[in-house]
Amino acid sequence: MRKFLIILDDSPEMLNAMRYAAIRASKTGGGVVMLAIVDPEEFQHFLGVADVMRAEAREKIEAHFQIFKDRMEKREGVTPTLAVREGDRVDAIIQHVRSDPEIGVIVLGAGVEKSGPGPIVAALTGRRLAELGVPITIVPGSMTKEQITATT
């Protein structure tokens, strides 16, 4: 099965990437993997409570994932899976793609800020692109639901 990988975060453009990936997966018989990445620096300042903080971060991620999982199942009939990695965001994405040969496409949402599409899009479409081995679909953050549906 070909899987579409999206990055689970709090950015508004993630919603467009999620919508696009869910519709494409539904239409092609594929799957969706939602990758959440935890920054380990958040825990380094509190060494004595790092494990507790990691567990709390995981709970927050799982609650966030459940909301989007329910939405995908209801609207597109697709049940996504959750993957969690710790580390640098771009490195974690590359490592995850390399670890799962079923990932066929990375779907990223591009920000609408004048400063650019966002650090992940910039890094993965720039000098780190050769490290991926899979295509990237970039969904503009300015696209409407209707435009995304028509495109897929």
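Cut-offs applied
Residues numbered from 1 in each chain as written. Predicted model: local features only at pLDDT ≥ 70, side-chain atom pairs only at ≥ 80, totals over all residues. Heavy atoms only, no water. Helix = DSSP H or I, 4+ residues; strand = E, 2+ residues; numbered from the N terminus. Polar contact = N/O pair within 3.5 Å; in protein donor to acceptor, adjacent residues only side chain to side chain. Contact = heavy atoms within 4.5 Å. Pairing = 2+ DSSP bridges. Axes fitted to C-alpha atoms, helices over the stretch in contact; angles between N-to-C directions. Core = buried A, V, L, I, M, F, W, Y, C linked by side-chain atoms within 4.5 Å. Buried < 20%, exposed > 50% of the residue type's maximum accessible area, 1.4 Å probe, protein only. 1 Å grid on protein atoms, 1.4 Å probe; cavity = no way out; pocket = protein on both sides within 12 Å on 5 of 7 lines; lining within 4 Å. Points joined across faces, edges and corners; volume = space filled by probe spheres on them. Right-handed = clockwise from strand over helix to strand, strands pointing away.

Draft legend 1. A look at the side chain of Thr-152. Tracing the backbone shows Thr-152 in the segment after helix H6 (145-151). Within the local environment of Thr-152, its side chain forms a polar contact with the backbone oxygen of Thr-149, the two atoms lying 3.1 Å apart. Look past the residues within four positions of Thr-152 in its chain and what remains in contact with it is Tyr-20, Ile-23, Arg-24 and Lys-27.

Draft legend 2. Focus on the sheet that holds strand E2 (residues 31-38). Taken together, five strands build an open sheet; the order of strands is E3-E2-E1-E4-E5 and the sheet is parallel. If you trace the sheet from one side to the other, it starts and ends with strand E3 (81-86) and strand E5 (136-140), each paired once. Averaged over all neighbouring strand pairs, the angle between strand axes comes to 30°, with direction disregarded. Examined bridge by bridge, strand E1 (residues 3-7) and E2 share five bridges and lie parallel to one another. Looking at the pairing, Lys-3 lines up with Gly-31 of E2. On the sheet, helix H1 (residues 13-28) packs against E1, E2, strand E4 (103-110) and E5 and is oriented at approximately 170° with respect to E1. Lying over the sheet, helix H4 (residues 89-99) contacts E1, E2, E3 and E4, oriented at roughly 145° with respect to E2.

Draft legend 3. Region of interest: the nonpolar core. Ranked by internal contacts, the top residues of the largest apolar core, which has 24 residues, are Ile-6, Leu-8, Met-18, Val-32, Met-34, Met-72 and Val-107. At the level of elements, E1, H1, E2, helix H3 (50-76) and E4 are the ones that each hand at least two residues to this core. In this structure, Leu-5, Ala-83, Ile-103 and Val-134 belong to the second largest nonpolar core, which totals 20 residues.

Draft legend 4. Quick peek at the layout of surface pockets. In this model, the second largest pocket occupies a volume close to 180 Å³. What lines the second largest pocket is a set of 16 residues, among which Asp-9, Ser-11, Glu-13, Gly-109 and Ile-120 lie closest to the centre. When residues of the lining of the second largest pocket are traced back to their parent elements, those giving at least two are E1, H1, E4 and helix H5 (119-124).

Draft legend 5. Structural detail: the pairing of E4. Burial analysis of E4 places eight of its eight residues in the buried class, the great majority of the element. Here E1 runs beside E4; their pairing, made up of three bridges, is parallel. When the bridges of E4 are listed, Leu-5 appears paired with Ile-106. What joins E4 to E5 is H5, and the crossover it makes is right-handed.

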